[in-house]
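# Notes for the structure review
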Amino acid sequence: MRYNPLPAQVYQRNRATLTKHLPERAVVILHANDTMPTNADGTMPFRQNNNLLYLTGIDQEETILVMAPDHPNPDLREVLFIRETSEEIAIWEGPKHTLEEGRERSGIEKVRWTKDFEGALAGIVNDSDEIFLYKNEHDRATNPVPTRNDRFIESIKRQFPLHKLNRLAPLLYDLRAVKTQEEIDAVQKACDITDHGFRALLSALRPGMYEYELEAILSYEFLRRGSRGFAYQPIVAGGANACILHYVENDQKLRDGDLVLLDVGAEYGNYNADLTRTIPVNGRFTKRQRDVYEAVLRVKNEATALLRPGANLKDYQEEVGKMMTSELIGLGLLTAEEVAAQDPKSPAYRKYFMHGTSHHLGLDVH
């Protein structure tokens, strides 16, 4: 394993906190992500379901968590199912968790093989009234491929049609927004790795390089420091490419006199960093580039000063919009008349600043 996992006590606390938000006689069932195919017999690198990782620390495929805190059988109140390993699996794929390792990593006493799950399911669910299941509820999620959790929801509907089904996502999303110190340390580690990559890139940047060469420098620095790579698909955008919000081709030459925008971050133990910086390819800003850079920097610093516990994100975005409007007028990109005539639902500044100011950070970058 490339990273130092969080202590089992973190996952025990997370489960205990979730339990406090459950009604009586409820059961939570949460599956790992699938290992996704590519072509022929190839597969993509496995990426664990972040909610399962948050509750168990198990970063392995074919894992299932069952929590039934009020179940009359103490042995079924908290059960972890993990993939059974073998000599053949160890030879072809490497070692998997033993039952004891599953206990040590998760802090769950009752650990069984995944093959036993179906046989145990009825005994757990039949002594429960409500079932909490997970579905990805991110506003911009497209979900074109049914996940293991999606498929399990349909199975539960068929097997237990008289039980009440509940959404697990809102509970976990609220809990995950508040980080433990151990989680903050993991995010900080990802940020530190990102910082090393950025500084290595700064010393190497020259006109005539290609965007992908900068991506390669970052990848090298991230991997050599214990990261599994980028937290999300990296954006290395020179010149006009920087005007494409989700530019990911990273295949163009960097020209003397241009700027290059970097939107990159390393992951560490599935926790993520997210850094955006814009720098001159030749090491020096033109006057106009510096004027724009300093305007953005002022907005960033003032926006940071507004962030504090209890701040409302909607109000925060509106205040940042006012700052941005003022700076855009100062740069001559907007006029006071345009702002006075703007549609409040579509402020004039959105021509140049069309996205949100900030987002949460942790196991997900959004």
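A brief look at the structure comes next. Given the structure is predicted, the values throughout are model-derived calculations rather than measurements. (Residues numbered from 1 in each chain as written. Predicted model: local features only at pLDDT ≥ 70, side-chain atom pairs only at ≥ 80, totals over all residues. Heavy atoms only, no water.)

## Description of the environment of Leu-306
Looking at the element boundaries, Leu-306 is found in helix α10 (residues 287–306). A C-alpha to C-alpha distance of 9.0 Å links Leu-306 and Val-320, two positions 14 residues apart in sequence. Beyond its immediate chain neighbours, meaning those up to four positions away, Leu-306 contacts Ala-311, Tyr-316, Glu-319 and Met-323. (Helix = DSSP H or I, 4+ residues; strand = E, 2+ residues; numbered from the N terminus. Contact = heavy atoms within 4.5 Å.)

## Overview of the sheet that holds strand β3 (residues 78–82)
The 6 strands lie next to each other as β4-β3-β2-β1-β5-β6, forming an open sheet whose pairing is mixed. Two strands bound the open sheet, and with one partner strand each, they are β4 (110–113) and β6 (164–167). Strand-to-strand, the axes of this sheet are offset by a mean angle of 20°, without reference to chain direction. Here 4 bridges tie strand β2 (residues 64–67) to β3, and the two strands are oriented antiparallel to one another. If you follow Ile-64 over to β3, its bridge partner there is Phe-81. On top of the sheet, helix α4 (residues 99–106) reaches β3 and β4; it is set at about 135° to β4, its chief contact. (Pairing = 2+ DSSP bridges. Axes fitted to C-alpha atoms, helices over the stretch in contact; angles between N-to-C directions.)

## A short note on the nonpolar core
Leu-18, Leu-22, Val-28, Leu-55, Phe-132 and Leu-168 are the most contacted members of the largest nonpolar core, which has 33 residues in total. Taken together, the elements giving at least two residues each to this core come down to α1 (8–20), β1 (26–31), α2 (50–56), β2, β3, β4, α7 (169–177) and α8 (181–204). Not counting the four nearest positions on each side in its chain, Val-28 is found in contact with Leu-18, Leu-22, Leu-65, Val-66, Met-67, Phe-132 and Leu-168. (Core = buried A, V, L, I, M, F, W, Y, C linked by side-chain atoms within 4.5 Å. Buried < 20%, exposed > 50% of the residue type's maximum accessible area, 1.4 Å probe, protein only.)

## Focus: the pattern of salt bridges
One side chain can pair with another of opposite charge once the charged atoms of both are near each other. Inspection of the entire model under this criterion finds 28 salt bridges. With a shortest N-O distance of 2.8 Å, Asp-129 and Arg-25 are connected by a salt bridge. With Asp-129 in the loop between α5 (117–125) and β5 (130–133) and Arg-25 in the loop between α1 and β1, the pair connects residues that are 104 residues apart, well separated along the chain. For Asp-129, a relative accessible area of 40% corresponds to the partly exposed category. Given the relative accessible area of 34%, Arg-25 is considered partly exposed. One connected set of salt bridges, linked through shared partners, spans Glu-61, Arg-83, Glu-93 and Lys-96. (Salt bridge = Lys/Arg side-chain N within 4 Å of Asp/Glu carboxyl O.)

## Overview of the sheet that holds strand β7 (residues 235–238)
Taken together, the 3 strands give an open sheet; going across it, the order is β7-β8-β11, and neighbouring strands pair in antiparallel fashion. For this open sheet the edge positions go to β7 and β11 (275–280), each flanked by a neighbour on one side alone. Averaged over all adjacent pairs, the angle separating strand axes in this sheet is 10°, with direction ignored. In the sheet, β7 pairs with strand β8 (residues 259–264) via 4 bridges, with the strands oriented antiparallel. For Ala-237, the partnering residue across the bridge sits in β8 and is Leu-261. Across the sheet, α8 is in contact with β8 and β11; its angle to β11 comes to roughly 10°. Across the sheet, helix α9 (residues 211–224) touches β7 and β8, and the angle it forms with β7 is around 145°.

## Quick notes on the side chain of Asn-14
Looking at where Asn-14 falls in the secondary structure, it is placed in helix α1. In contact with Asn-14, not counting residues within four places along its chain, are Tyr-54, Leu-55 and Thr-180.

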